[in-house]
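Residue-level structural notes
One letter stands for each residue in the lines below.
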Amino acid sequence: MTPRAADRARYDRATAHLDAPLAIVDLEAFDANAGDLVRRAGGKPVRVASKSVRCRALLERVLARDGFAGIMSFTLGESLWLARAGFEDVLLAYPSADRAGFAELAADPKLAAAVTVMVDDPAQLDLIDRSRGRGREEIRLCLELDTALLLLGGRLRIGARRSPLREPAELAELARSIARRPGFRLVGLMAYEGHVAGVGDSIAGRPVRSRAVRLMQRAARRELAERRAAVVRAVRAVTPGLEFVNGGGTGSVQHTAAEDVVTEVAAGSGLYMPRLFDDYTSFTGRPAALFAQPVVRRPGVGAVTVLGGGYPASGAPGADRLPVPYLPEGLRYDPREGAGEVQTPLLGAPADDLLVGDRVWFRHAKAGELCERFDALHLVEGEGVVGAAPTYRGEGRTFL
């Protein structure tokens, strides 16, 4: 029996008393992935990206481990909710236009002390000031640096379009603007190199593209390390009390942590290890989060149909955004139908061994987005389910 076949048998036995569709987290794999992130961080704390976890119980589990500190959140509403629940260090990774949220933040000393918000434009400061109402608490701020690699004199951009702030002088100028405004305190700097952290460099069956990605990432790491160091020097000249410099992501933890100016790294997807993180040469994780769909039809030889399963991930549309049939090995989508909202045909020799009521286990393309489909994650340990942890959805929270 292969390791994957053994996992399938174990997951089937552990969840036999539950009806599918359902989602699980293998705690042994989750903890092993957490340990690997800490090892790769080389002694620098790992801030957990909540967008990739979306389950408070699992956020608490990983933050209880040595080597992890703080949360990187994705909306202001989520940040306030987590802070009210007792999480004491929440960095909002994206700018917000949530006026009610800013009014709540500015009126509550506990929230204002726990939450740091992201800015990259003076207009965002204006919006916060207009939203304060009677709240006068000092708002903690973090600046975001654009990490994209620019080639051909800037005509070719590799990397996400995030912050407009790129050069040291631009970030230093916004830092000075913040220093002149009452009610704000600059405490951090963030730079997320998604074109390194979130792009695999060993793509199955595509050696030429893989080599091109590795060359691009090597150049991007070198360019960003030099520019990030210059930015940190410029911002610290204005704000000597800067508390943290955050960078990285699951795919770049060890590279980003090696930069002297970086004080912490961020990661989250590496805990669940969704399918998009299979194609890396620098690390190997264990799939920890899976979902099961029940077989409901056998339409012919070499084919079964499962209920639902059409859970595409965000990003540019493509086959890589779809979940992958994982267990049993050897199943594939019908190219004329793909993954359907209500039913999904699957093809391959293993289909002939599946009966109505059996399960097919899938891996989602991205990490936390799976939790928008399920209200609980069943926690598998060894041969059994040891509990169920509500997702954000299961707690009645949908932040986007």
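All values reported here derive from a predicted model rather than from experimental measurement.

So, how was this worked out
- Residues numbered from 1 in each chain as written.
- Predicted model: local features only at pLDDT ≥ 70, side-chain atom pairs only at ≥ 80, totals over all residues.
- Heavy atoms only, no water.
- Helix = DSSP H or I, 4+ residues; strand = E, 2+ residues; numbered from the N terminus.
- Buried < 20%, exposed > 50% of the residue type's maximum accessible area, 1.4 Å probe, protein only.
- Lys, Arg positive; Asp, Glu negative; His and termini not counted.
- Salt bridge = Lys/Arg side-chain N within 4 Å of Asp/Glu carboxyl O.
- Polar contact = N/O pair within 3.5 Å; in protein donor to acceptor, adjacent residues only side chain to side chain.
- Pairing = 2+ DSSP bridges.
- Axes fitted to C-alpha atoms, helices over the stretch in contact; angles between N-to-C directions.
- Contact = heavy atoms within 4.5 Å.
- Phe/Tyr/Trp six-rings, centres within 6.5 Å; stacked < 30°, edge-to-face > 60°.
- Lys NZ or Arg CZ within 6 Å of the ring centre and 35° of its normal.
- UniProt positions renumbered as here; feature names shortened; annotations may be inferred.
- Core = buried A, V, L, I, M, F, W, Y, C linked by side-chain atoms within 4.5 Å.

1. So, the side chain of Arg 359
Here Arg 359 shows up in strand S17 (residues 359-363). Despite being buried, Arg 359 has no salt bridge partner; Asp 12 is the closest side chain of opposite charge, sitting 5.3 Å away. Of the polar contacts made by the side chain of Arg 359, one reaches the side chain of Thr 15; its length is 2.5 Å.

2. A few points about the sheet that holds strand S6 (residues 139-144)
Taken in spatial order, the eight strands close into a barrel running S2-S3-S4-S5-S6-S9-S10-S11, and their pairing is parallel. Across this sheet, the average inter-strand angle for adjacent strands is 30°, counted without regard to direction. Each of strand S5 (115-119), S6 and strand S9 (184-191) touches helix H8 (residues 168-180); the most contacted strand, S6, lies at about 170° to it.

3. Description of the packing of aromatic side chains
Under the defined criterion, the tally for this structure stands at 13 aromatic pairs. Among the aromatic residues, those joined into a cluster by ring pairs are Phe 74, Trp 81, Tyr 392 and Phe 399. A cation over a ring is seen here: Arg 54 above Phe 74, with NZ or CZ 4.9 Å from the ring centre. The ring of Tyr 326 carries the charged tip of Arg 363 above its face, separated from the ring centre by 5.3 Å.

4. Side note on the environment of Glu 341
Topologically, Glu 341 is positioned in the loop between strand S15 (332-333) and strand S16 (343-347). Exposure remark for Glu 341: the relative accessible area of 72% places this residue in the exposed category. Distance in space between the C-alpha atoms of Glu 341 and Glu 104 is 38 Å, their sequence separation being 237 residues. Other than its neighbours up to four places away in sequence, Glu 341 contacts Gly 308, Gly 309 and Gly 310.

5. A look at the UniProt feature "domain: Alanine racemase N-terminal" (unreviewed entry) in the protein chain
Per the UniProt entry, the sites bearing "domain: Alanine racemase N-terminal" (unreviewed entry) are residues 25-273 in this numbering. The span residues 25-273 shows a helical share of 46% and a strand share of 19%, and its end C-alpha atoms are spaced 11 Å apart.

6. Brief notes about the side chain of Thr 239
For Thr 239, the location among the structural elements is in the loop between helix H10 (207-238) and strand S10 (244-247). Leaving out residues up to four positions away in the same chain, Thr 239 has contacts with Ala 175 and Leu 186.

7. A word on unusual backbone geometry
The omega angle of the peptide bond from Ala 20 to Pro 21 is 5°, so this bond is cis rather than trans. Within the fold, Pro 21 resides in the loop between helix H1 (3-14) and strand S1 (22-26). Between Leu 327 and Pro 328 the backbone carries a cis peptide bond, its omega angle lying at 0°. Along the chain, Pro 328 falls in the loop between strand S14 (324-327) and S15. Phi is positive for Leu 152, close to 55°, though the residue is something other than glycine.

8. Remarks on the nonpolar core
For soluble globular proteins, nonpolar side chains are generally found buried alongside one another. Leu 58, Val 117, Leu 141 and Tyr 272 are the most contacted members of the largest nonpolar core, which totals 86 residues. Looking at this core, the element that brings in the most residues is helix H2 (residues 27-41), giving six residues.

9. Some points on the pattern of salt bridges
Inspection of the entire model under this criterion finds 35 salt bridges. With its nearest N and O atoms 3.3 Å apart, the salt bridge here joins Arg 84 to Asp 108. Remark: Asp 108 occurs in the loop between helix H5 (99-107) and helix H6 (109-114) and Arg 84 occurs in helix H4 (residues 76-84); sequence separation between them is 24 residues. Residue classification places Asp 108 among the buried positions, given a relative accessible area of 17%. Across the salt bridge formed by Glu 173 and Arg 176, the nearest N and O atoms sit 3.2 Å from each other. Within this pair, Glu 173 and its partner Arg 176 are both found in helix H8, separated by three residues, close to a single helical turn. Several salt bridges share partner residues, and in doing so they unite Asp 146, Arg 157, Arg 166, Glu 167, Glu 223 and Arg 227 into one network.

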